[in-house]
Structure formats: C-alpha cells, structure tokens
Amino acid sequence: MPVTATPAVVWFKRDLRTQDHRPLAAAAERGPVIPLLVIEPEYWAQPDAAHRHYVFMRDCAQALDEALTARGARLVVRIGPAVEVLAELRRQIGFSEMWSHEETGNAWTYRRDRAVQAWCRAHKITWHEFPQTGVIRRLKSREGWARHWDRLMAEPIVSDPDRIIPVPDIEPALVPPPECAGLAFDGCTERQTGGRPAALARLHSFLNERGKTYRRDMSNPLDGAAACSRLSPYLAWGAVSMREVAQSAWKQHAELRGDTSGHAREWRGSLASFSGRLHWHCHFMQKLESQPSIEHTEFHLATRGLRPRPADGQRLAAWACGQTGFPFIDACMRSLNATGWINFRMRAMLVSFASYNLWLPWQDTGLVLARLFTDYEPGIHWPQMQMQSGTTGINTIRIYNPVKQGYDQDPDGRFVRRWVPELATVPDAFLQEPWNWDGAADLIGYRYPERIVDLEATTAAAKELMFGMRRAADFHKASDAIQEKHGSRKSGMRITGKKSRARPQPLRPKAQAQFEF
Ligand SMILES: Cc1cc2nc3c(=O)[nH]c(=O)nc-3n(C[C@H](O)[C@H](O)[C@H](O)COP(=O)(O)OP(=O)(O)OC[C@H]3O[C@@H](n4cnc5c(N)ncnc54)[C@H](O)[C@@H]3O)c2cc1C
C-alpha cells in the first residue's frame, strides 16, 4: 500500500493495545497517524460507569502511550464529546480517514457512534471499522456462528507496526485523574492493575502456573481468585485481544497432547474449560449487538414488569454493601466492593438472591454490579443479568441457596471470616447460618444484621411465580422466537470431524454449551 501524506485518525476505544490491532496496522501502513483517545465526560457520567473502570482504563492508556512512543507516535488524549473532538482535530489537521474497531457497548455508546457516523458522512470522512471479537454486526442468523468464531480466532495475529509516522504540531496530553471526570474513589482498594504488560503477565502465569486447577477451583471464591485467569478487565478494555488469548490457550493445550500423565490431563481439562468460556464471551456479546434493547428491557414479554420499579431502596442498599444478614452473600459483596472481581458462580448467586429472594429488578441490581465489576462489559453483563434473573424465558431457572453455597464453596469459612470479621467467633458448623448458633443472641441485630428476608418463604414464592408463568399457554411460543434469534446452535458447537484450514486448531470442550442458550 502506498504511503500517503494525509494523516488518518485511529480512534482507540475499548481496544487499548498496539498488537493485533488491525485499524492501527492498516492506518500506519498508509501514512501519518493520529492515535486518538477521547475522554467523554458524558460517558463517564453514565450510571454504569465507575471510578474503578476509569483508573483501569487510565493504566491501559498509559501503557498504550508507552507502546506508541516506542514506535514513533504519542497517544493524543482529548476531552469532550467525540464529535466535537473530531471536528476540532479536522479543523486543526484536516484528516479524511478514521480507523477503529467496532464496539458493542451500552445504549449511550451506540447513540454516540451513530452521531459520529453521521458527522463522518456529512464531512466526507471515511470511517473504517473492524470487528475485534467474534461478534458479527448486522448478523442475520446464528447458524454457523460458532464456526465463524473458530475461524476468526484462528486467523494470524496482526503484528504491531514497527514505526508509526506521527503528525507534527499536535499535543499528546495525558489522561487526567478520575476526579477530573467527576469520579470519586469507590472503595476498590485491591483493584487489578491495568495495561498490556499486566495483561500479558496474567496470561502467562495462568497458562503456566495458576490455571492447572482452573476446572476444579473456579467456583471457589478464595482459590478461584488465583485459579481463574482474571483476564476479564484486560479483555474488556482490549489490553490484549481475544485472538491472542485463544491462540495462547490452544498452543498450550496442543503442547500437552499425547501426554497421559495426571498432570497433563488436569491441565488439558482446565484449558478446554477455559477455551469454552472465551467462546461464551462473544456468544453473550452477540446478544446485545443483535438486540441493544436488552440492556433495559426483558427478553421475554411475559416477564416485563415482574419486579416493581423503582427498586426497594433499603433492600437494594443492604444487598449492595453486604448487610443482608446472610454471611456468604455479604462476604461476596464486600469482597467484590474491595477487589472489583468475583467468580462466575458467585456473580450468579448474588443476582439470584437479589432477583428471587429480595425480588429486586435486574435493571437496578445490574447497575450496582456494573459499577462494581472492573471488567464490566455491557454485552456480557446485561444478558447474564437477565439470564440469572429468569427473564430470558428460555433458560433453566436457577435459584441458589446461599447457605448451601457457603458450605459447599467455603467449607472452612476462610472466605466469610475474611470479609465478615463480625462473625470471626462463630464456629464453622454455624458460620453460614449464625442464627442457629447458641451464641447468636449477642451478635445478631447488634454486630451483624438480622436476615433481611425469610429465605425459605421467598424461595418458595419465587418458584411458584416463575414456574407458574412458564406454564401459561403462549409462554413457549415467545421463547421459541428468542431461542431462534439468540440461541447457540449445538451443531455449530460440536466437533464436526472436518479439519479447519486455519491454524491452530481450536478447542471444543464437551461442557461448552452448559450455560448457553
Ligand atoms: C450476572 C453476571 C454478570 C457478568 N458480567 C460480566 C461482565 O460485565 N464482564 C465480564 O467480562 N464477565 C461478566 N460475567 C461473566 C463471568 O463471571 C466473568 O467473565 C468471569 O468471572 C471473569 O473472570 P476471569 O477473567 O477470571 O474468567 P475466566 O473464568 O478465566 O474466563 C476467561 C474469560 O472467558 C470469558 N467468560 C468467562 N465466563 C464467562 C461467562 N459466564 N459468560 C461470558 N463470558 C465468560 C471472560 O471474557 C473471561 O475473562 C458475568 C457473569 C454474571 C453471572
């Protein structure tokens, strides 16, 4: 491709890396580049935005700036609405091409992108957009989706450009501290550090040390924190690409092929489970891409308005800060508040408790969790919120018992004692249900709250309502339509026997479809 003198903008959004970055590679090949990051005050004022997201993004932007600097250009940081920032840059520099990845974001970013698109059209700017995950824009049918994902993930990694031609007379600027974006510290004292070097270190330690017991320990809130990859926030902000992660896992798996030792078998099982989850990442995001309304509106019509809004403020607050009187729920919430992460099963349990026992609307509890998860990814988050709240209409209703989960996942009480120190003296046998302990009289209602609801009664009421609703004559007709639009095609998820022409060969774990629909 000939080098042109006209500069092009590369708009970095949730793709803060130089490696495997097709828009950057393509733009750098053509001529001078303005690597642009826009800090949009309105975006950071959304109810799903949080201090922990911002500081993680800031780490990633800093690392990106270092990577760009090593290649000859600086990250150009601008503050303001994207259209205004682009208009100002156009006045200053006069670019006519913009390159970026497609984004599957929330309703706000969807509207923002449409405004940018209209502006580009009006000013004859060519905007080149590329997919960065397995999500397909304007998807017609889910048929063959899984095979498409495999093909895409097996494509060669795009090398980062050796040199980027900078645009002179353009100030780079730094990402301002979170206070400038109006974001106050939110108590996340043990947040993961952002940036590509941290992402690569996590990936390496997971694939070489931590991941061996992944399959066994992933649901345990203490051991799972080390055994899970913890790559989610890096994937959410694009510090590492899904393709890089998938190919690294496949490579590791391939190296263990033929080794019959227990050690290798354990690793292979864990890597297969992990690869399946990478698939789910995009499978869930595709739902929001195909139907953006599910951020606010139930999948299934019959479940609309099921839970009253606005939410009961007292229940919502008790759940959000770990004061429900159920030790395992409270420990999970407090841990999430302080670390910004909790494993999948605990996320599902927290939502189940809020939705079925506290009968809180998923839209409100979803916003609380969105702000608490450093890895908040709208495309995974909102479909998962609906799935765990029983509003998709086609998933198995799962109502978790937090007392049983506590005994199963935290048998020696290490996790509860760490996060709910008020219960330190309660014996193991009563730790998950301290109200049954002889010494409870001085504790409950004084140093630790009374149970906020009757667990058995609220579970029974929720079951009756949810299963009753499903027995209605026309419930399944609507479910079939949802399944048709969003469901995984099992045939596409299985090993077909045909060899993919692309390499390396992806993994197809047996349990892959377990949580999908
Ligand atoms: C109510 C609810 C909300 C969630 N919200 C988010 C979110 O905002 N952002 C997010 O990244 N994940 C979300 N998840 C999915 C999952 O819990 C996290 O991806 C996972 O716990 C992140 O930790 P990890 O990177 O160590 O995951 P690992 O277990 O190591 O998995 C590797 C990667 O696979 C993907 N993945 C794993 N589990 C799932 C899953 N169940 N569905 C889709 N993708 C998956 C993620 O990209 C993850 O980083 C949510 C789950 C629930 C139940």
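The model shown is predicted, which means the values in this text are computed figures rather than measured ones. (Residues numbered from 1 in each chain as written. Predicted model: local features only at pLDDT ≥ 70, side-chain atom pairs only at ≥ 80, totals over all residues. Heavy atoms only, no water.)

*Asks:* Explanation requested: the overall build of the protein in the structure shown.
*Replies:* Per the secondary structure count, the protein includes 22 helices and five strands. What you see for the protein is a C-alpha radius of gyration of 24 Å, in line with the 24 Å of a compact globule of 517 residues. Sequence-distant contacts in the protein: of pairs separated by 6 or more residues, those separated by 24 or more amount to 80%. For the protein, the accessible surface area stands at approximately 22,200 Å², while carbon and sulfur atoms represent 53% of it. Taking the average location of the 68 positive side-chain charges in the protein and that of its 57 negative ones, the two points are 7 Å from each other. (Helix = DSSP H or I, 4+ residues; strand = E, 2+ residues; numbered from the N terminus. Rg over C-alpha atoms; globule rule 2.2 N^0.38 Å. Contact = heavy atoms within 4.5 Å. Areas by Shrake-Rupley, 256 points an atom, 1.4 Å probe, with all protein chains shown as cover. Lys, Arg positive; Asp, Glu negative; His and termini not counted. Charge placed at Lys NZ, Arg CZ, Asp CG, Glu CD.)

*Asks:* Can you help me understand the confidence of the model for the protein in this one?
*Replies:* Any region with low pLDDT has predicted coordinates that should not be read closely. On average, residues of the protein carry a pLDDT of 93, and 94% of them reach 70 or more. Low confidence marks residues 491-504, where pLDDT is under 50. Its contacts with residues over four positions away, or in another chain, come to 22 contacts. Low pLDDT, under 50, characterises residues 508-517; the predicted model gives this stretch 41 contacts beyond four residues in sequence or across chains. (pLDDT = per-residue confidence, 0-100.)

*Asks:* Just to check I follow, could you spell out the packing of aromatic side chains for this structure?
*Replies:* Each aromatic ring pair is specified by the distance between its two centres and by the angle formed by the two planes. On inspection of all chains with the given rule, the structure shows 16 aromatic pairs. Summarising the aromatic geometry, the rings of Trp44 and Trp237 are spaced 6.1 Å apart at their centres and angled 10 degrees between planes, so their arrangement reads as stacked. Taken together, the residues span a long stretch of sequence, with Trp44 in helix H2 (residues 41-44) and Trp237 in the loop between helix H10 (232-236) and helix H11 (242-255) at a distance of 193 residues. Since its relative accessible area comes to 6%, Trp44 is described here as buried. (Phe/Tyr/Trp six-rings, centres within 6.5 Å; stacked < 30°, edge-to-face > 60°. Buried < 20%, exposed > 50% of the residue type's maximum accessible area, 1.4 Å probe, protein only.)

*Asks:* What should I look at first to understand the pattern of salt bridges in this one?
*Replies:* If the charged atoms of two oppositely charged side chains come close together, the side chains can form a pair. Applying the stated criterion across every chain yields a total of 28 salt bridges. The closest approach of N and O atoms between Glu190 and Arg418, which form a salt bridge, is 3.0 Å. Of this pair, Glu190 sits in the loop between helix H6 (145-154) and helix H7 (196-208) while Arg418 sits in helix H19 (residues 414-419), placing them 228 residues apart in sequence. For Glu190, a relative accessible area of 38% translates into the label partly exposed. One network of salt bridges, with partners in common, ties together Lys13, Glu40, Glu103, Arg112 and Asp113. (Salt bridge = Lys/Arg side-chain N within 4 Å of Asp/Glu carboxyl O.)

*Asks:* Would you explain the nonpolar core in this entry?
*Replies:* Note on soluble globular proteins: their nonpolar side chains tend to be buried together. Residues Trp44, Met57, Trp149 and Trp237 are the most contacted members of the largest nonpolar core, which totals 64 residues. Counting residues per element, this core draws most heavily on helix H3 (residues 51-70), which supplies seven residues. Not counting chain neighbours up to four residues away, the residues in contact with Trp237 comprise Lys13, Arg14, Asp15, Leu16, Tyr43, Trp44, His53, Phe56, Met57, Cys60 and Thr374. Core analysis: the next-biggest nonpolar cluster, separate from the first, contains 46 residues, Trp319, Ala338, Ala354 and Val426 among them. (Core = buried A, V, L, I, M, F, W, Y, C linked by side-chain atoms within 4.5 Å.)

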